[in-house]
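# Chain and residue survey
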Amino acid sequence: MVSALLGGCTSTRDYGYDGLRGAYTTQVPGIPMEEDPVLVAQNEKLAEDERVALIREDCRNGGAKSCEVMALDAFNDYSTSGNLNDLKSGIVVASRACASEARACLLKGNMIFRAYQDGMDIDEWRPGRYYSEELIDAYTKATRVGDPALKAEAYYQRGLTHSAFGRYSAARADLNQSCKIGGDEFCLKSGDELAAIAQHTTKSKGKAKISAQDVLSLYQQSCDGNNATACLRLGDKLYAQGKGKAGNDAYAKACNLNEGSACNALAYRLDRAGKHNDAREFYEKSCALQYPASCALLGREDMVKGNLSSSYRYLTQACSLGYNTSCQFLGSLAQVIGKNDEARSALRTACSTSNGVACYDLGLLEAIANSHSSAQEHLGLACNAQVNAACLAQSSVFASPNSSATAAYDKACSLRSPDACLNLGYSYLQQGKRPDAQGAFRRACDLKSAAGCEQSAALLQEQGSSTEAARFYTKACSLKSPSACTKLGLVYYSGSGVTKSVTRARANLNQACKLGAQDACVMLKKK
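Residues numbered from 1 in each chain as written. Predicted model: local features only at pLDDT ≥ 70, side-chain atom pairs only at ≥ 80, totals over all residues. Heavy atoms only, no water.

A tally of regular secondary structure across the protein chain gives 30 helices and two strands. For the protein chain, with 527 residues in total, the buried portion stands at 50%. Of the roughly 23,700 Å² of accessible surface on the protein chain, a fraction of 48% belongs to carbon and sulfur atoms. (Helix = DSSP H or I, 4+ residues; strand = E, 2+ residues; numbered from the N terminus. Buried < 20%, exposed > 50% of the residue type's maximum accessible area, 1.4 Å probe, protein only. Areas by Shrake-Rupley, 256 points an atom, 1.4 Å probe, with all protein chains shown as cover.)

Given below as structure tokens:
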């Protein structure tokens, strides 16, 4: 809009607004651009001073376009500094430009409206004038421009102004006119504004001043212009009115326009209607359009079906798209199928979102990988997130690998101290004695250390001993480890070392969810 307002400035310089950099540019002929940064800076300062002087002089002499440039400069300065004087001076010169150039009135209106939005008492510093009247007058003059885009914007802004002052019928008329002139983009944002008015007036006064049909009409016009977002909004509104078929049609159009969230919405509706194959098709398209929730759902579905490779692929995509509960679930699945490096990567992402169970899982894996400082860090994060087993495991990771300490841990472990057995296991890990570590962790597990059971399971999984690993996950789950219950659920879904059982898988995931594992809750569709 800014570049359209400036147009071609008829002065001795070509003044332009660079929208990408958010600054005005001036081509100054005859000034060499040397590589010396000091000289470049001096030349730029000279050019800017000359530009400002020329624009100011032209504005004083009645040049409306130069006044526009000055007003825009002041508006930008205010947006950066918050200095009220910048906004005041900008409104003064914008008013001067508006007197002879209708398009400058849009700028004037926007500046006064910004002052109103920022809570300034405009009437006080512009005595004899009433800003509400000036606003409407400025936007009314701006509607007389020839440029359709500027005209549509002027009607839109005047509609917003009427809405701000509670004149909802006038707002509706202007927003409809903006849609009529400006096309699908203006229909969409006008529809959004009418929807906001309807919601606000219903909540505050009990009866909407704008009807649902008013909103639908604008979204429909925008959707007819192939605006995918409008078709999605239209589908939502139609469903809210109980018009399911029409809603599906709107979603389908948005989906065909490559709006991933619309494909997901349509798939959800079809799934609820029992059309599972059709739903699957749209979930797949939604995921292909990088909508993470659909990828996560497909990963969950394929896990239930025992399609591990497909599940892994979809969960990996969901995690990479920022769906963090999928990262935790992916980390658990990667452990079950023996991909510890991938598990650490996924769990690191989940842990970064303050997911305590993911931090705990990651800490245990880092300990097995002999990354003890990382293990201590992540177990500490899990402990702070109230994962009690992590607090015990964290202290054990600090175990010393020297021979005297190892002997002391071994002696205390033989006296049936689970913490000492855990310390002994981590001490052996640091010495590279993995079989001895496995034995120590088993002893800790026998003494009801959940971390000992889980470390035993992880080492066995690493060796490919899935059946034995499942036995230790079972013991850890019975000791109320949410991450172990999650992995045990995956084990039963996949049939890795056990007889595949959806019933037992869901029971274990239900237990994990109750114990605070977010990924398990999502798997069960409880969150």
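Should the sulfur atoms of two cysteines be covalently bonded, the bond is a disulfide. Counted under the stated rule, the structure contains 13 disulfides. Each sulfur of the disulfide joining C98 and C105 lies 2.0 Å from the other. Handedness here is read from the sign of the S-S torsion; for C98 and C105, about 95°, the answer is right-handed. For the pair shown, C98 and C105 are each scored as buried. Covalently, C445 is tied to C453 through a disulfide, its sulfur atoms 2.0 Å apart. Residues C445 and C453 are joined by a disulfide whose S-S torsion is about 90°; by sign, that bridge is right-handed. Relative accessible area serves as the criterion here: at 2%, C445 is assigned to the buried category. (Disulfide = S-S within 2.5 Å.)

Within the largest apolar cluster, 76 residues are counted, with the highest numbers of intra-cluster contacts made by M303, Y360, L379, A390, Y426 and F441. Residue contributions to this core peak at eight residues, all from helix α20 (residues 356–368). Excluding residues within four positions of it along the chain, Y426 makes contact with L364, A367, H372, A393, S396, V397, F441 and Q455. Counting 45 residues, the second largest nonpolar core, distinct from the first, contains L160, A171, A254 and A265. (Core = buried A, V, L, I, M, F, W, Y, C linked by side-chain atoms within 4.5 Å. Contact = heavy atoms within 4.5 Å.)

Another point: the pattern of salt bridges. What the rule picks out here adds up to 23 salt bridges. Across the salt bridge formed by D137 and K141, the nearest N and O atoms sit 3.5 Å from each other. You can see D137 and its partner K141 sitting in helix α7 (residues 131–142), four residues apart, about one turn around the helix. Accessibility expressed as a relative area gives 28% for K141, which makes it partly exposed. One salt bridge connects E454 with K487, and the closest N-O pair in it is separated by 3.9 Å. Of this pair, E454 sits in helix α26 (residues 450–463) while K487 sits in helix α28 (residues 482–494); the two residues are 33 residues apart in sequence, bridging distant segments of the chain. Classification of E454 by relative accessible area gives buried; the value is 3%. One continuous salt-bridge network, built from bridges that share partners, spans R280, E284, E301 and D302. (Salt bridge = Lys/Arg side-chain N within 4 Å of Asp/Glu carboxyl O.)

The subject of this paragraph is the packing of aromatic side chains. One pass over the structure, following the stated rule, counts four aromatic pairs. Ring geometry for F113 and Y116: centres 5.8 Å apart, planes at 25°, overall stacked. On the criterion of helical spacing, the pair formed by F113 and Y116 is a turn pair, its members being three residues apart in helix α5 (residues 102–117). Look at F113 and you get buried, because its relative accessible area is 8%. Members of the aromatic cluster, each reached through a chain of ring pairs, are F113, Y116 and F165. Here R313 stacks its cationic end above the ring of Y314, 4.5 Å away from the centre of that ring. One cation-aromatic arrangement involves K339 over Y312; the distance from NZ or CZ to the ring centre is 4.3 Å. (Phe/Tyr/Trp six-rings, centres within 6.5 Å; stacked < 30°, edge-to-face > 60°. Lys NZ or Arg CZ within 6 Å of the ring centre and 35° of its normal.)

Quick look at the packing of helix α27 (residues 466–478) against α28 now. Across the interface, α27 lies against α28 with an axial gap of 8 Å and an inter-helix angle of 140°. As judged from the angle between their axes, α27 and α28 are oblique. For the crossing formed where α27 meets α28, the hand is left-handed. When α27 is examined against α28, the residues A470, Y473, T474, A476 and C477 are found in contact with a partner set consisting of A484, C485, K487, L488 and V491. Partitioning the contact of α27 with α28 into residue classes produces eight nonpolar, one polar and one charged. (Axes fitted to C-alpha atoms, helices over the stretch in contact; angles between N-to-C directions. Parallel < 35°, antiparallel > 145°, perpendicular 65-115°, else oblique. Left-handed = near helix turned anticlockwise from the far one by under 90°. Nonpolar A, V, L, I, M, F, W, Y, C, P; charged D, E, K, R; others polar.)

Among the secondary structure elements, D361 is positioned in helix α20. The exposure class of D361 is buried, given its relative accessible area of 2%. Not counting residues within four places of it along the chain, the set of residues in contact with D361 comprises S332, Q335, L347, E454, S483 and K487.

So, on to the confidence of the model for the protein chain. Averaged over the protein chain, the pLDDT score is 85; the fraction of residues at 70 or greater is 88%. Scored below 50 in pLDDT, residues 1–31 shows 60 contacts in the model against residues more than four places distant or in partner chains. (pLDDT = per-residue confidence, 0-100.)

With respect to the helices and strands, the residue F398 is situated in the loop between α22 (388–397) and α23 (403–414). Given a relative accessible area of 53%, F398 falls into the exposed group. Sequence spacing of F398 and H372 is 26 residues, and the spatial spacing of their C-alpha atoms is 7.8 Å.

Mapped onto the elements, S354 comes out in the loop between α19 (340–351) and α20. Note on S354: relative accessible area 66%, which makes it exposed. Separated by 30 residues in the primary sequence, S354 and N384 have C-alpha atoms spaced 9.7 Å apart.

For the rest of this paragraph, the subject is unusual backbone geometry. Of note in this structure, N258 is not a glycine but carries a positive phi near 70°. Inspection of the secondary structure assignment puts N258 in the loop between α13 (244–256) and α14 (260–272). If you check the backbone angles, K480 has positive phi at about 70° while not being a glycine. Judged by relative accessible area, which is 56%, K480 ranks as exposed.

The topology assignment puts L218 in helix α11 (residues 212–224). It is 8.7 Å that separates the C-alpha atoms of L218 and A230, two residues lying twelve residues apart in sequence. What L218 contacts, discounting residues up to four positions off in sequence, is L175, N176, C179, C187, S190, G191 and L194.

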